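Descriptive analysis of the structure
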Amino acid sequence: MDAETKERLMTPGPPADAPSLAPNLQLSALTRREENEVIDLRRKHAYTRCADAMRHFSECSSKYTIGVVWKCSEHKDIMNECLRRANTVDDMDRARSIIVDRRLKNMEEKLSKPRKLF
């Protein structure tokens, strides 16, 4: 595999769009469940952005059994580098802003519904 192809595979795709939040909103005020959702969302976005590298590793690993450790190490290194580049602090903040935006929309929906007293 030539250097240009390696670099192309190691470079993740464009990041997911995220809503812009007010600067005074604290992103650290998330529950444990929401933090887990942030991690899952970030992981899903990273897998989407590195789909080509993961596909190349998957194709290589499907050809071998025990020899996958030696035969596909280059593909594994490329895939891991792409995932490392795709999981940055900015991506974590982007995933947090998506979760916070979802929480705010849910709160607005609850507040807009009329309350029943009985």
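Structural notes, computed from the coordinates. As the structure is a computational prediction, the values presented were derived from the model and not from experiment.

1. Thoughts on the side chain of Glu-34
Mapped onto the elements of the fold, Glu-34 is located in helix H2 (residues 32-49). If we ignore the near neighbours within four places in the chain, the residues touching Glu-34 are Ala-29, Ile-99 and Arg-103.

2. Considering the state of the cysteines
A full pass over the atoms with the stated rule returns 2 disulfides. Numbered in order of appearance, the disulfide-bonded cysteines of the chain are paired 1-4, 2-3.

3. Considering a nonpolar patch on the surface
On the surface, a nonpolar cluster with roughly 400 Å² of combined accessible area is contributed by Ile-66, Val-69 and Trp-70. Positionally, Val-69 belongs in helix H4 (residues 68-71). Residue classification places Val-69 among the exposed residues on the basis of a relative accessible area of 55%.

4. Comments concerning the nonpolar core
Soluble globular proteins: nonpolar side chains tend toward being buried together. Of all hydrophobic cores here, the largest spans 10 residues; its members are Leu-9, Met-10, Ala-46, Cys-50, Ala-53, Ile-78, Met-79, Cys-82, Leu-83 and Ala-86. Counting residues per element, the ones that place at least two in this core are helix H1 (3-10) and helix H5 (73-86). Element by element, the count of residues in this core is highest for H5, at 5 residues. Each residue touching Leu-83, except ones within four places of it in the same chain, is listed here: Ala-46, Tyr-47, Cys-50 and Met-54.

What counts and how
Residues numbered from 1 in each chain as written. Predicted model: local features only at pLDDT ≥ 70, side-chain atom pairs only at ≥ 80, totals over all residues. Heavy atoms only, no water. Helix = DSSP H or I, 4+ residues; strand = E, 2+ residues; numbered from the N terminus. Contact = heavy atoms within 4.5 Å. Disulfide = S-S within 2.5 Å. Patch = residues over 30% accessible without salt bridge, like charges linked within 9 Å, V, L, I, M, F, W, Y side chains within 5 Å. Areas by Shrake-Rupley, 256 points an atom, 1.4 Å probe, with all protein chains shown as cover. Salt bridge = Lys/Arg side-chain N within 4 Å of Asp/Glu carboxyl O. Buried < 20%, exposed > 50% of the residue type's maximum accessible area, 1.4 Å probe, protein only. Core = buried A, V, L, I, M, F, W, Y, C linked by side-chain atoms within 4.5 Å.

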